[in-house]
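# Structural overview for review
These are the residues of each chain, in order.
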Amino acid sequence: MLSDGATSCPLDSGLPRAEYTERRFKPRELPGIWSFIDWLPVDGWNPSTGASSVTYRSSGLAADLDLERLYISFSGYWPERGALMRTCSFKELEAAPTMQMLLDRKTEEILVVASAGNTARAFAEVCSVTGQPVILFVPVSSLDRLWTTVEPGRVLVVGVKGDYADAIKLAGVLSSRSGFRPEGGARNIARRDGMGTVLLDHVRRFDSLPDHYFQAIGSGTGGIAVWEASMRVIGDGRFGERLPRLHLAQNIPCAPVHAMWHGMSQEEMNFDAYGCPEGMHDDVLFNRNPPYAVPGGVRDAVISSSGRIYGIDNTRAASAQRLFERSEGIDILPAAAVAVAALIDAVESGFVGRDDEILLNVTGGGVKRLAEDHSRMRLKCDLRLGLEDSVDVLLEEILA
Ligand SMILES: *Cc1c(COP(=O)(O)O)cnc(C)c1O
């Protein structure tokens, strides 16, 4: 591990990337994502965290779409398939290595996370398991997404009167104070390399890089992560030279990455006129400031892999969700249905071939399945803040 965990580059606005000394793809005999420890920015590992995605060859959806080699990466709770993420989304792939990285560094700083819901839930659960403190900034409208399946630990929840962008702003004010540390979003290498294990799990199980990768995106961090992981796998030398094509999907009309990809200017992108993120099939996919044009960002990843960006409306997302749940037999988060709809679009348009090797990232699911096995504890909101409020109120709360 050569990185010091910085979230910015000294020379430009690019995303910092980890350089690992190990060049070979050699999964270790460790549980969950820790088997990829050589390509994670951590030294130690925790057997109580780090559930991995599960990749399997589809028969149900594959038959419906007439695809020969459709593989599904499932991040969520589905014990029959070995999927054990109790917070039911791939944000758990981010939370576990981020907290391990902080533990390795023995930092006294308190982590500050802004989230539209799924990231906050993942950190709440992981931090409750590890005992590390965390402060979560979540829009008030998303507070019902916050729960843990274990007794909540040192988790402080700030309900933000505003949207995700406001939550990011307020979290930014607090994390610039001494004693606090920003999670970093797309700039957090533990986040990206944790999410990149989706691709590594596929390679481990099926011994090849897929031709295509489908994912629903808000910021696009998961897409960048899979692109970076693919480059590491190619660097090994045994898996060919061709990057998987990234097929990244947004929920229109609240789709900034899709709009920028099609060349819209900042002025033309008037998401407030559509009332975004209200009315979306899943508002976790709305991020006003995605890492799109920065070096190493979404645009670079999609262009260098000859990929595509899809705009999926609610009707298509809803019907894709029904199709998936019926054909695969598990409930999925609405965000993941946006990726399924993109795959259907690609099949219909001929962007993928019947015999191509396709990896579909089902980024969240199994909430209903979880309810059969575990009870959930709602996290209480400790404090409500708006942009007009000073974070000093919050500091007093923390010190109290
Ligand atoms: C966050 C999230 C996404 C989008 O992830 P990116 O960070 O944009 O790659 C997709 N699906 C679910 C379930 C999510 O929680």
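In this text, all values refer to a predicted model and were calculated from it rather than measured experimentally.

For the rest of this paragraph, the subject is the site of the ligand. In the neighbourhood of the ligand, 15 residues make up the surrounding shell, with Lys-91, Asn-118, Gly-218, Gly-222 and Thr-363 lying closest. Within the contact set of the ligand, an oxygen atom lies 2.6 Å away from a side-chain nitrogen or oxygen of Lys-91. In this structure, an oxygen atom belonging to the ligand sits 2.9 Å away from a side-chain N or O atom of Gln-215. Relative to its unbound accessible area of 380 Å², the ligand is 97% covered by the protein chains. Mapped by element, the contributors of at least two residues to the shell around the ligand are strand S10 (212-216) and helix H7 (221-236). Partitioned by chemical class, the residues of the shell around the ligand number six nonpolar, eight polar and one charged. Counting only domains with at least three residues in the shell around the ligand, you end up with domain 1 (54-88 + 191-371) and domain 2 (89-187 + 376-399).

So, on to the side chain of Asp-38. Relative to the helices and strands, Asp-38 resides in the segment before strand S1 (54-57). At 2.7 Å, the side chain of Asp-38 forms a polar contact with the side chain of Arg-28.

Moving on, we get to the packing of aromatic side chains. Following the criterion strictly, the structure yields eight aromatic pairs and no others. Centre to centre, the rings of Phe-25 and Phe-36 are 6.2 Å apart; their planes meet at 10°, and the pair counts as stacked. Separated by 11 residues along the polypeptide, Phe-25 in the segment before S1 and Phe-36 in the segment before S1 bring together distant segments of the chain. A relative accessible area of 7% places Phe-25 in the buried class. Judged by its relative accessible area of 3%, Phe-36 is buried. A centroid spacing of 6.1 Å and a plane angle of 80° characterise the contact between Phe-25 and Phe-239, whose relative ring orientation is edge-to-face. Taken as a pair, Phe-25 in the segment before S1 and Phe-239 in the loop between H7 and strand S11 (245-251) lie far apart in primary sequence, 214 residues in all. Residue class for Phe-239 comes out buried when judged on its relative accessible area of 13%. An aromatic cluster of at least three residues, connected via ring pairs, comprises Phe-25, Phe-36, Trp-39 and Phe-239.

With that out of the way, let us pick up the pattern of salt bridges. Tallying each qualifying case throughout the model produces 29 salt bridges. Of the charged contacts, one joins Glu-228 and Arg-17 as a salt bridge, the two residues approaching to 3.1 Å between their closest N and O atoms. With Glu-228 in helix H7 and Arg-17 in the segment before S1, this residue pair connects regions lying 211 residues apart in the sequence. Here Arg-354 and Asp-66 are joined by a salt bridge, their closest N and O atoms 3.0 Å apart. Taken together, the residues Arg-354 in the loop between helix H11 (334-349) and strand S13 (357-362) and Asp-66 in the loop between helix H1 (60-65) and strand S2 (69-74) connect sequence positions 288 residues apart. Taken together, the shared-partner salt bridges connect Glu-80, Arg-369, Glu-372 and Asp-373 into one network.

Along the chain, Leu-360 turns up in strand S13. Taking the C-alpha atoms as reference points, Leu-360 and Phe-214, separated by 146 residues in sequence, lie 4.8 Å from one another. Not counting chain neighbours up to four residues away, the residues in contact with Leu-360 comprise Leu-61, Leu-70, Tyr-71, Ile-72, Ser-73, Phe-214, Phe-324, Ala-339, Val-340 and Leu-343.

Each assigned domain of the chain is listed here: domain 1 (54-88 + 191-371) and domain 2 (89-187 + 376-399). With centres defined by C-alpha atoms, the gap from domain 1 to domain 2 works out at 25 Å. Taken together, the contact pairs 29 residues of domain 1 with 26 residues of domain 2. A combined buried area of about 2300 Å² lies between domain 1 and domain 2, and 57% of that area is made up of carbon and sulfur atoms.

Calculation criteria
- Residues numbered from 1 in each chain as written.
- Predicted model: local features only at pLDDT ≥ 70, side-chain atom pairs only at ≥ 80, totals over all residues.
- Heavy atoms only, no water.
- Near = heavy atom within 4 Å.
- Polar contact = N/O pair within 3.5 Å; in protein donor to acceptor, adjacent residues only side chain to side chain.
- Areas by Shrake-Rupley, 256 points an atom, 1.4 Å probe, with all protein chains shown as cover.
- Helix = DSSP H or I, 4+ residues; strand = E, 2+ residues; numbered from the N terminus.
- Nonpolar A, V, L, I, M, F, W, Y, C, P; charged D, E, K, R; others polar.
- Domains from an automatic or database assignment.
- Phe/Tyr/Trp six-rings, centres within 6.5 Å; stacked < 30°, edge-to-face > 60°.
- Buried < 20%, exposed > 50% of the residue type's maximum accessible area, 1.4 Å probe, protein only.
- Salt bridge = Lys/Arg side-chain N within 4 Å of Asp/Glu carboxyl O.
- Contact = heavy atoms within 4.5 Å.
- Buried area = accessible area lost by both parts, 1.4 Å probe.

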